[in-house]
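What follows is each chain in one-letter form.
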Amino acid sequence: MNDLLWLLASPRIALRRLLISQPIGLGLFVLVTAQLSSSFARFLSTTGEGASWAILDAIFTGTLTLACVFVGTAFFHLFATMLGGRGNPGQLFWGLMVSTAPWVLATPLAIIILAASANVPAIYHLLLFVGTLTMAAWSVGLKAYTI
């Protein structure tokens, strides 16, 4: 849990320190927790859907994200090797799994946005857009730093 907090608070230092040992349990925990949090945030953000939709969304996006991590690792390592780079695909795989860490905060952020827009419903979509854009940029930045 301490490593997850380091990933969220100071990602460069955490990735530099953790890239040596690559705790696979942390990578899988971050990947699963981020997908569950993201799915439940989507469930909180939309209305009219059932709870089963959130569970199916979590299963589908979790499976898709894991497959994308495998395919992304293969492509990034292939292109890096073709351009003369050297490195360990295991480090890249672990880094791409852990770079989804900002999405762990998706559900708390959705709750905060719902509470903040309770009095002024007109700003709900704007806050949701800004929050999602911030987490996406943060995640892309972590992926770029990992690569």
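In this text, all values refer to a predicted model and were calculated from it rather than measured experimentally.

K.L.:
Describe in detail the nonpolar core, supporting the description with residues and values.
P.N.:
Ranked by internal contacts, the top residues of the largest apolar core, which has 18 residues, are Leu7, Leu26 and Trp94. Elements supplying a minimum of two residues to this core: α1 (2-9), α2 (11-21), α3 (24-45) and α5 (89-98). Per-element tally for this core: the top contributor is α5, with 6 residues. Once residues lying within four places of it in the same chain are set aside, the contact partners of Trp94 are Leu15, Leu18, Leu19, Gln22, Pro23, Ile24, Leu26 and Gly27.

K.L.:
Outline α2, supporting the account with residue identities and numerical values.
P.N.:
Buried within α2 are the following residues: Pro11, Ala14, Leu15 and Leu18. Along α2, the residues classed as buried sweep out an arc of 95° about the axis, all on the same side. The outward face of α2, more than 90 degrees from its buried face, is lined by the exposed residues Arg12, Arg16 and Ile20. Downstream of α2 by one or two residues, Gln22 has phi in the positive range, about 50°.

K.L.:
Outline the packing of aromatic side chains, listing residues and values.
P.N.:
For the coordinates displayed, the defined rule picks out 2 aromatic pairs. Summarising the aromatic geometry, the rings of Phe70 and Phe93 are spaced 4.8 Å apart at their centres and angled 35° between planes, so their arrangement reads as tilted. With Phe70 in helix α4 (residues 51-82) and Phe93 in helix α5, the pair connects residues that are 23 residues apart, well separated along the chain. Under the relative-accessibility criterion, Phe93 is labelled buried at 17%.

K.L.:
Requested: an account of α3, with residues and values cited.
P.N.:
In a regular helix each residue adds 1.5 Å, so 22 residues correspond to 32 Å; α3 covers 31 Å between its end C-alpha atoms and thus fits that length. Of the residues making up α3, those classed as buried are Leu26, Gly27, Val30, Leu31, Ala34, Gln35, Ser37, Ser38, Ser39 and Ala41.

K.L.:
Give me the packing of α3 against helix α6 (residues 106-116): which residues, what numbers.
P.N.:
For any two helices packed against each other, one specifies the inter-axial angle together with the distance between the axes. Between α3 and α6, the shortest axis-to-axis distance is 7 Å and the interhelical angle comes to 20°. Compared by their axis directions, α3 and α6 come out roughly parallel. The two elements α3 and α6 cross, and the hand of that crossing is right-handed. Two secondary-structure elements touch here, α3 through Ser37, Ser38, Phe40, Ala41, Leu44 and Ser45 and α6 through Ala106, Thr107, Pro108, Ala110, Ile111 and Leu114. In the contact of α3 with α6, the residues fall into 8 nonpolar, 4 polar and no charged.

K.L.:
Please give an account of the side chain of Thr100 that cites residues and values.
P.N.:
Within the fold, Thr100 resides in the loop between α5 and α6. Judged by relative accessible area, which is 6%, Thr100 ranks as buried. Separated by 2.9 Å, the side chain of Thr100 and the backbone oxygen of Met97 make a polar contact. Once residues within four sequence positions are removed from consideration, Thr100 is found in contact with Val30, Leu31, Ala34, Ser139 and Lys143.

Conventions and cut-offs
Residues numbered from 1 in each chain as written. Predicted model: local features only at pLDDT ≥ 70, side-chain atom pairs only at ≥ 80, totals over all residues. Heavy atoms only, no water. Core = buried A, V, L, I, M, F, W, Y, C linked by side-chain atoms within 4.5 Å. Buried < 20%, exposed > 50% of the residue type's maximum accessible area, 1.4 Å probe, protein only. Helix = DSSP H or I, 4+ residues; strand = E, 2+ residues; numbered from the N terminus. Contact = heavy atoms within 4.5 Å. Arc of directions from axis to C-beta. Phe/Tyr/Trp six-rings, centres within 6.5 Å; stacked < 30°, edge-to-face > 60°. Expected span 1.5 Å × (residues − 1). Axes fitted to C-alpha atoms, helices over the stretch in contact; angles between N-to-C directions. Parallel < 35°, antiparallel > 145°, perpendicular 65-115°, else oblique. Left-handed = near helix turned anticlockwise from the far one by under 90°. Nonpolar A, V, L, I, M, F, W, Y, C, P; charged D, E, K, R; others polar. Polar contact = N/O pair within 3.5 Å; in protein donor to acceptor, adjacent residues only side chain to side chain.

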